[in-house]
Amino acid sequence: MADDILKKLVKGFEAFRKEHYETNPDKMKDVVENGQRPKALIFSCSDSRNGPEMLMGVEPGDIFVGRQIAALIPPHDEKDDDDTIAATIEFAVNTLKVDNIIVMGHTSCGGIKGLVDGVRSGAVGSWIQRAREIKDKVKLRLGDKASDKDLLLAEVEKESVLWSVENLRKYPVVEKALQEGRLQIHAWHFDMQNGVLNAYNPQTHSFEPLSGADKQKQEHVHDDNCVPFPKKRARNNKGGFRR
């Protein structure tokens, strides 16, 4: 019933209030009275299963978040007067002075599946088709293996993160902050099935686990279907990819 989710939300807020206003009120009082001071801006998908606050277990004021379908960041368009993404980036970099921007994609992404399936209708189709070049690029890289629908989807999910990061670097405020050496950009991918958070490594041109236990597991795994990302993804130390 509709009332059930509303009750759950209210109950969740009550738990939040108890924790941050009664049991441990100092942090909330600080960020309200002195303003938020997040160190990172995270762009993630709107998917209900991968909220950054939930995944990272952060406190109020720790991260600034932008969420949109498939976590896509289209190329910067100076003529777009209604660009929420550009506004989010500008506020985070220029006003909040974040040190890091993370673009985080994930497995089982409905938006990326729509892109692979060729969805074009409606607002969703219009949005995901901005990234249509990703599918073509991945199919070219996979060659005969592109007929494997699951593999194609998995590779497009990862490529979409790199595509978004490349676009992000060209937003004027980001470009300036990178040149000044006060900003780092990270490409992350959440494996929802296995509970693994991966980061793009420009040295190996692949996504690798961030946590220690998962890193050890990967050392013993070989995937014959793995197709390495192009070496041109590597960047130098001036505003390049960071893990």
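Remember, it's a predicted structure, so these values are computed and weren't measured experimentally.

### Examining the overall build of the protein
Part 1: When its secondary structure is counted, the protein shows 10 helices and seven strands.
Part 2: Put simply, of all contacts in the protein between residues at least 6 apart along the chain, 67% involve residues at least 24 apart.
Part 3: Accessible surface computed for the protein: about 14000 Å², of which carbon and sulfur atoms make up 51%.

### Topic: the side chain of Ser164
Part 1: For Ser164, the location among the structural elements is in helix 8 (residues 149–169).
Part 2: Contact partners of Ser164, with chain neighbours within four places excluded, come to Ala71, Leu72, Ile73 and Val103.

### Considerations on the pairing of strand 4 (residues 184–191)
Part 1: The element strand 4 is largely enclosed, with a buried count of seven among its eight residues.
Part 2: In this structure, strand 4 lies alongside strand 5 (residues 196–201), joined through four bridges in antiparallel fashion. Directly across from Trp188, in strand 5, lies its bridge partner Ala199.
Part 3: Taken together, strand 4 and the strand that follows it, strand 5, pair antiparallel across an intervening segment of four residues, in which Gly195 is found at a positive phi of about 65 degrees.

### Things to note about unusual backbone geometry
Part 1: With a phi close to 60 degrees, Lys97 is a non-glycine residue in the positive phi region.
Part 2: Mapped onto the secondary structure, Lys97 falls in the loop between helix 4 (84–95) and strand 3 (100–106).
Part 3: Take Lys97: its relative accessible area is 48%, and that puts it in the partly exposed class.
Part 4: One non-glycine residue with positive phi stands out, namely His205, at about 60 degrees.

Calculation rules
Residues numbered from 1 in each chain as written. Predicted model: local features only at pLDDT ≥ 70, side-chain atom pairs only at ≥ 80, totals over all residues. Heavy atoms only, no water. Helix = DSSP H or I, 4+ residues; strand = E, 2+ residues; numbered from the N terminus. Contact = heavy atoms within 4.5 Å. Areas by Shrake-Rupley, 256 points an atom, 1.4 Å probe, with all protein chains shown as cover. Buried < 20%, exposed > 50% of the residue type's maximum accessible area, 1.4 Å probe, protein only. Pairing = 2+ DSSP bridges.

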